[in-house]
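# Chain and residue survey
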Amino acid sequence: RDYVSGLGVVRDVENISASSTTITDTLTAYDFDGPALGTLDNPIVVAATPETMSLVSYRGKVAAGPLYFKMTGLFTDNAYAISLTGLSDNADLYVYPDAFTTLGCSSTNTATTDESCNTNTSPAGELFIKIDGSQTTDGAYFVLEANT
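Only a predicted model underlies this, so the values are computations on that prediction, with no experimental measurement involved.

### Some points on the pattern of salt bridges
Tallied over the entire structure, the rule returns one salt bridge. Note that Lys70 and Glu126 form a salt bridge whose closest N and O atoms lie 3.5 Å from each other. With a gap of 56 residues between them, Lys70 in strand S6 (residues 66-72) and Glu126 in the loop between strand S10 (115-120) and strand S11 (127-132) connect regions that are remote in the sequence. A residue is classified by how much of its surface remains accessible, and Lys70, at 24% relative accessible area, is partly exposed. Its relative accessible area of 18% is what places Glu126 among the buried residues.

Structural data, given as C-alpha cells:
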C-alpha cells in the first residue's frame, strides 16, 4: 500500500493466490474538501454514451459498507439486467429506478456467487444502484454491468 499523509491510501495492490490474480487500485482523482463519492447523497455517476447504452460496465471495489451509483444515459423506460460479477468477497445488489426510494430489484446471494436482477429504467433513462459490502471484512472487488 502507498499512503499519503492527510489523504490516505493512494495505491493498493492485492494478490489473490487462489486465482493467481493481482489487482491494483490507484487513486486517480481526489476532490479536496468535497463530498465523498459513492455515498447516498453523492453517488458515483456512470454515464452511458450512445455507443454504450446497451451495455454499461464499471469495475471497482466496495468497502465493508454500502457504495452508491447513479447510471445515466440509458434507454428510457427500458428493461435492463443488472449484474455484479467477479466478486472477491460477498456483496449484495440493490437497484432502484428512482433516487434510492423504490426498490426495483435486488440480489443477495452468499459468498462470491454472482448477483443479478432485472428492472426498468426511469423515464429519464436512469438507474440507482447500491452495492452492499457489509458482509465483508475488507470489502470486495466487483464488475457492475447494466445490459439490455
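On we go.
### Some remarks on the sheet that holds strand S4 (residues 44-47)
Taken together, five strands build an open sheet; the order of strands is S4-S6-S11-S8-S9 and the sheet is mixed. Whereas interior strands pair on both sides, the edge strands pair on one side only; in this sheet they are S4 and strand S9 (105-107). Recorded for the sheet is a direction-independent mean angle of 20° between the axes of neighbouring strands. Of the strand pairs in this sheet, S4 and S6 are connected by four bridges, and their pairing is parallel. Bridging from a neighbouring strand, Val45 pairs with Lys70 of S6.

### Thoughts on the state of the cysteines
Under the defined criterion, the tally for this structure stands at one disulfide. Here Cys105 engages in a disulfide with Cys117; their sulfurs sit 2.1 Å apart. Taking the sign of the S-S torsion, about 50° here, the bridge from Cys105 to Cys117 comes out right-handed. Pair noted here: Cys105 is in strand S9 and Cys117 is in strand S10, with a separation of 12 residues, a long-range link.

### A short note on the nonpolar core
One finds Phe69, Met71, Ile82, Ile129, Ile131, Phe142 and Leu144 to be the most contacted residues of the largest nonpolar core, which totals 26 residues. Elements supplying a minimum of two residues to this core: S4, strand S5 (55-62), S6, strand S7 (79-85), strand S8 (92-96), S11 and strand S12 (140-147). At four residues, S12 tops the list of elements feeding residues into this core. Residues in contact with Ile82, not counting those within four places in the same chain, are Leu93, Val95, Glu115, Ser116, Cys117, Thr119, Leu127, Ile129, Leu144, Glu145 and Ala146. Of all hydrophobic cores here, the second largest spans five residues; its members include Tyr94, Tyr96, Phe100 and Phe128.

### Focus on the environment of Leu74
Relative to the helices and strands, Leu74 resides in the loop between S6 and S7. A relative accessible area of 4% places Leu74 in the buried class. The spatial distance from the C-alpha of Leu74 to the C-alpha of Leu55 is 9.1 Å, given a sequence separation of 19 residues. Contact partners of Leu74, with chain neighbours within four places excluded, come to Ala48, Met53, Val56, Tyr80, Thr121, Gly125, Glu126 and Leu127.

### So, the layout of surface pockets
Within this model, the second largest pocket holds a volume of roughly 200 Å³. Where the lining of the second largest pocket is concerned, the elements lending two or more residues are strand S3 (21-26), S5 and S12. Per element, the largest residue contribution to the lining of the second largest pocket is four residues, and it comes from S3. When its residues are assigned to classes, the lining of the second largest pocket shows five nonpolar, six polar and two charged.

### Quick look at the packing of aromatic side chains
With the rule as written, the count across this model stands at six aromatic pairs. Between Tyr58 and Phe69 the ring centres are 4.9 Å apart and the planes differ by 65°, which places this aromatic pair in the edge-to-face class. With Tyr58 in strand S5 and Phe69 in strand S6, this pair connects stretches of sequence that are 11 residues apart. Residue Tyr58 is classed as partly exposed on the basis of its relative accessible area of 26%. Using a relative accessible area of 0% as the deciding quantity, one classes Phe69 as buried. On the basis of an interplanar angle of 65° and a centroid distance of 5.6 Å, the ring pair of Tyr96 and Phe100 is categorised as edge-to-face. Each member of the pair, Tyr96 as well as Phe100, is classed as buried. Put simply, the rings of Tyr68, Tyr96, Phe100 and Phe128 touch in pairs and so form one group of aromatic residues. The lysine or arginine in question, Lys130, covers the ring of Tyr94, its NZ or CZ lying 4.8 Å from the ring centre.

About the thresholds
Residues numbered from 1 in each chain as written. Predicted model: local features only at pLDDT ≥ 70, side-chain atom pairs only at ≥ 80, totals over all residues. Heavy atoms only, no water. Salt bridge = Lys/Arg side-chain N within 4 Å of Asp/Glu carboxyl O. Helix = DSSP H or I, 4+ residues; strand = E, 2+ residues; numbered from the N terminus. Buried < 20%, exposed > 50% of the residue type's maximum accessible area, 1.4 Å probe, protein only. Pairing = 2+ DSSP bridges. Axes fitted to C-alpha atoms, helices over the stretch in contact; angles between N-to-C directions. Disulfide = S-S within 2.5 Å. Core = buried A, V, L, I, M, F, W, Y, C linked by side-chain atoms within 4.5 Å. Contact = heavy atoms within 4.5 Å. 1 Å grid on protein atoms, 1.4 Å probe; cavity = no way out; pocket = protein on both sides within 12 Å on 5 of 7 lines; lining within 4 Å. Points joined across faces, edges and corners; volume = space filled by probe spheres on them. Nonpolar A, V, L, I, M, F, W, Y, C, P; charged D, E, K, R; others polar. Phe/Tyr/Trp six-rings, centres within 6.5 Å; stacked < 30°, edge-to-face > 60°. Lys NZ or Arg CZ within 6 Å of the ring centre and 35° of its normal.

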